[in-house]
Amino acid sequence: MVTAEEDLTHSSTKGRLIAVAALLLAAVNLRLAVTSVGPVLSEIRSGLGMSSSVAGLLTSVPAVCFAGVGFLAPRLARRFGPARVILAGMVVLAAGLAVRPYAPGTALFLLLSLVALAGIAVVNVLLPSVVKAYFPDRVGTMTGLYTVSLNIGATVAAATTVPLTTSVFGDDWRLGLACWAAVAVLAVPAWLPLARQPFTRAPEVPKAEAVRVSRHPVAWALAVYFGMQSTSAYVIIGWLPQIYRDAGISAERAGVYFAVTSFLGVPLGFLLSSLAGRVRSQSWIAVGLGLFGLAGYGGLWWDPAAAPLLWAVLLGIVNTAFPLVLTMIALRGRTPATVVKLSAFAQSTGYLFAIPGPILVGVLHDHTDGWRTPLTFVTLLMIPQIVAGFFAGRDRQI
């Protein structure tokens with residue numbers, strides 16, 4: 001029996017255009033909730049009385065939430081349909097973003113961050129399966145398009161949160177963060193046509209025939225690669241502006257350099273995903289990105305202020321590991337259902353691996369009163385990222 005969702009997937013140009021618009025508007029929200037925090041982290045810490053260690057915990061909140069909630073996404077999608085779950089996720093995200101900045105203390109701020117990020121978590125996991133279902137012949141291109149949208153949102157939030165806070169909202173960092181809820185609200189109507197489509201629950205697959213992705217080495221390689229690139233990304237998101245500011249660079253310039261790391265993902269993410277979708281193996285692409293990471297973190301270790309734009313460019317290049325791993329997830333699964341399972345396993349397990357990294361960076365900074373020890377730690381993590389990327393990129397399917 002062909003479900004209404006499958007009919008929409010294959011029958012009309014209009015249906016595909018609706019899916020493209022929905023994908024892009026959802027994707028633009030997937031990082032701005034996080035990248036808007038780094039540029040005003042000093043103000044948040046001052047306003048809430050937050051230590052560096054707790055700030056490190058804040059930078060790990062996305063990984064904690066994505067790991068926990070991500071495992072639930074396949075079950076929710078089987079019961080309600082991916083489009084409806086994504087729609088609900090966007091509503092939860094908008095509510096969390098609107099309320100979070102007005103939390104009276106650190107604990108509630110962290111809790112409301114978890115609420116907002118829970119919405120992002122289900123969208124993170126389900127978008128690759130939506131791409132596989134609606135565009136099975138354009139996996140790399142469509143993954144590239146929605147990661148471009150993701151990076152545009154991340155870049156705009158990183159570059160404009162400080163100017164909005166100082167020039168528009170009268171130095172009120174709370175309004176500077178809360179305003180991003182409006183972007184999530186704009187994405188909700190785009191998913192209504194897809195969510196209104198009748199959904200037929202897939203029949204339960206006998207356990208003997210079910211695909212157990214956790215038993216496949218490819219899935220573990222993807223999980224480790226996802227975890228290492230996530231650690232790097234959240235260290236950059238959470239700490240790069242502060243590293244620049246501690247080196248004597250102004251808050252606005254630090255925000256701009258930070259925005260460069262996201263902006264590069266716009267053209268590079270699309271080109272990289274398109275290339276990855278056309279070649280049989282992505283191993284050497286993953287290795288090359290890791291080498292850029294070694295150079296970028298090495299430059300920060302040497303002197304953040306010596307060539308801040310160059311370091312930002314190098315770290316922006318290594319951040320395109322995110323669209324690469326999303327493309328590999330979609331390519332490694334034979335069917336959309338397998339991609340959902342593989343996406344949930346690789347992302348949730350990967351985020352579990354990523355949780356300690358940003359926290360340890362904050363702790364090491366507190367104990368050494370500097371950035372060289374934390375940056376040494378993050379630089380060394382590039383090695384398992386390179387190794388896992390090599391094995392995850394080999395031409396294998398589950």
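The residue numbering used here restarts from 1 in each chain and proceeds along that chain's sequence as written. Local features in a predicted model are, by the rule used here, given only for residues with pLDDT of at least 70; side-chain atom pairs are given and counted only at 80 or more, and totals for whole chains, interfaces and linings are based on all residues. Note that the side-chain values use all heavy atoms of the structure and ignore hydrogens as well as water.

Focus: the side chain of T165
Next up, step 1: Among the structural elements, T165 can be located in helix α9 (residues 139-168).
Next up, step 2: There is a polar contact of 2.7 Å between the side chain of T165 and the backbone oxygen of T161.
Next up, step 3: Contacts were defined at the residue level, with two residues in contact if any of their heavy atoms lie within 4.5 Å. Contacts of T165, omitting those with residues within four sequence positions, involve V40, G170, D171, D172, W173 and G176. Only DSSP runs of H or I with at least four residues qualify as helices, and only runs of E with at least two residues qualify as strands; both kinds are numbered from the N terminus onward. A 3.5 Å cut-off defines polar contacts: any pair of N or O atoms within that distance qualifies, except that in protein one atom must be a possible hydrogen donor and the other a possible acceptor, and neighbouring residues in sequence count only when both atoms are side-chain atoms.

Describing the confidence of the model for the protein chain
Next up, step 1: pLDDT measures how confident the predictor is about each residue, on a scale from 0 to 100. Mean pLDDT over the protein chain stands at 84; residues scoring 70 or higher make up 92%.
Next up, step 2: When mean pLDDT is taken per element in the protein chain, helix α21 (residues 382-392) scores highest with 95 and helix α1 (residues 4-11) scores lowest with 45.
Next up, step 3: Confidence drops under a pLDDT of 50 for residues 1-11, and excluding neighbours within four residues, the segment shows 17 contacts in the predicted structure.

Concerning the packing of aromatic side chains
Next up, step 1: Aromatic contacts are taken between Phe, Tyr and Trp rings whose centres are within 6.5 Å, Trp giving its six-membered ring; a plane angle under 30 degrees counts as stacked, one over 60 as edge-to-face, and the others as tilted. Counted under the stated rule, the structure contains 11 aromatic pairs.
Next up, step 2: Centroid distance F109 to W173: 6.5 Å. Interplanar angle 65 degrees. Geometry classified as edge-to-face. Here F109, found in helix α8 (residues 106-134), pairs with W173, found in helix α10 (residues 173-178); they are 64 residues apart in sequence, far enough to count as distant. The residues F109 and W173 share a single accessibility class, namely buried.
Next up, step 3: Through a chain of ring-to-ring contacts, the aromatic side chains of F226, Y234, F322 and Y351 assemble into a single cluster.
Next up, step 4: Two conditions define a charge located above a ring, namely a distance within 6 Å from the ring centre to NZ of Lys or CZ of Arg, and an angle within 35 degrees of the ring normal. Lying across the ring of F322, R31 places its NZ or CZ 4.6 Å from the centre. For every residue, the accessible area obtained with a 1.4 Å probe (protein chains only) is divided by the maximum for its type, and the residue is called buried under 20%, exposed over 50%, and partly exposed between those limits.

Observations concerning the packing of helix α12 (residues 217-246) against helix α19 (residues 356-368)
Next up, step 1: An axis is simply a line fitted to the C-alpha atoms; with a helix, the fit covers only the stretch in contact. Between two such axes, the angle follows the N-to-C directions and lies from 0 to 180 degrees. α19 packs onto α12 with a crossing angle of 30 degrees between their chain directions and a minimal axis gap of 8 Å. When the axes of α12 and α19 are compared, the pair comes out roughly parallel. Residue-level contacts link T231, Y234, V235, W239 and D246 of α12 to G357, P358, V361, G362 and H365 of α19.
Next up, step 2: Residue classes in the contact of α12 with α19 are distributed as five nonpolar, four polar and one charged. Oblique is the label for any angle not under 35 degrees, not over 145, and not in the 65 to 115 range, which are roughly parallel, roughly antiparallel and roughly perpendicular in turn. Under the scheme applied, nonpolar residues are Ala, Val, Leu, Ile, Met, Phe, Trp, Tyr, Cys and Pro; charged residues are Asp, Glu, Lys and Arg; polar residues are all the others, including Gly.

A few points about helix α15 (residues 283-302)
Next up, step 1: Expected span of a helix: the number of residues minus one, times 1.5 Å. Its 20 residues place the ends of α15 29 Å apart at the C-alpha level, agreeing with the 28 Å of an ideal helix rising 1.5 Å per residue.
Next up, step 2: Turning to α15, its buried residues number three or more, namely S283, I285, A286, V287, L289, G290, G293, G296, Y297, G299 and L300.
Next up, step 3: Tucked inside the fold, the buried residues of α15 contact α12, α14 (265-278), α16 (308-318), α17 (321-332), α20 (372-380) and α21.

Comments concerning helix α11 (residues 181-195)
Next up, step 1: The terminal C-alpha atoms of α11 lie 21 Å apart, and with 15 residues this matches the ideal 21 Å at 1.5 Å per residue to within 8%.
Next up, step 2: Within α11, the axis deviates most sharply at P189, by approximately 30 degrees.
Next up, step 3: Within α11 the residues assigned to the buried category are A181, A184, A187, V188, A190, W191, L194 and A195. In this scheme, the bend at a residue equals the angle between the axes fitted to the seven residues that finish there and the seven that begin there.

Considerations on the environment of I383
Next up, step 1: Relative to the assigned elements, I383 resides in helix α21.
Next up, step 2: Residue classification places I383 among the partly exposed positions, given a relative accessible area of 48%.
Next up, step 3: Sequence separation between I383 and V54 is 329 residues; the distance between their C-alpha atoms is 27 Å.

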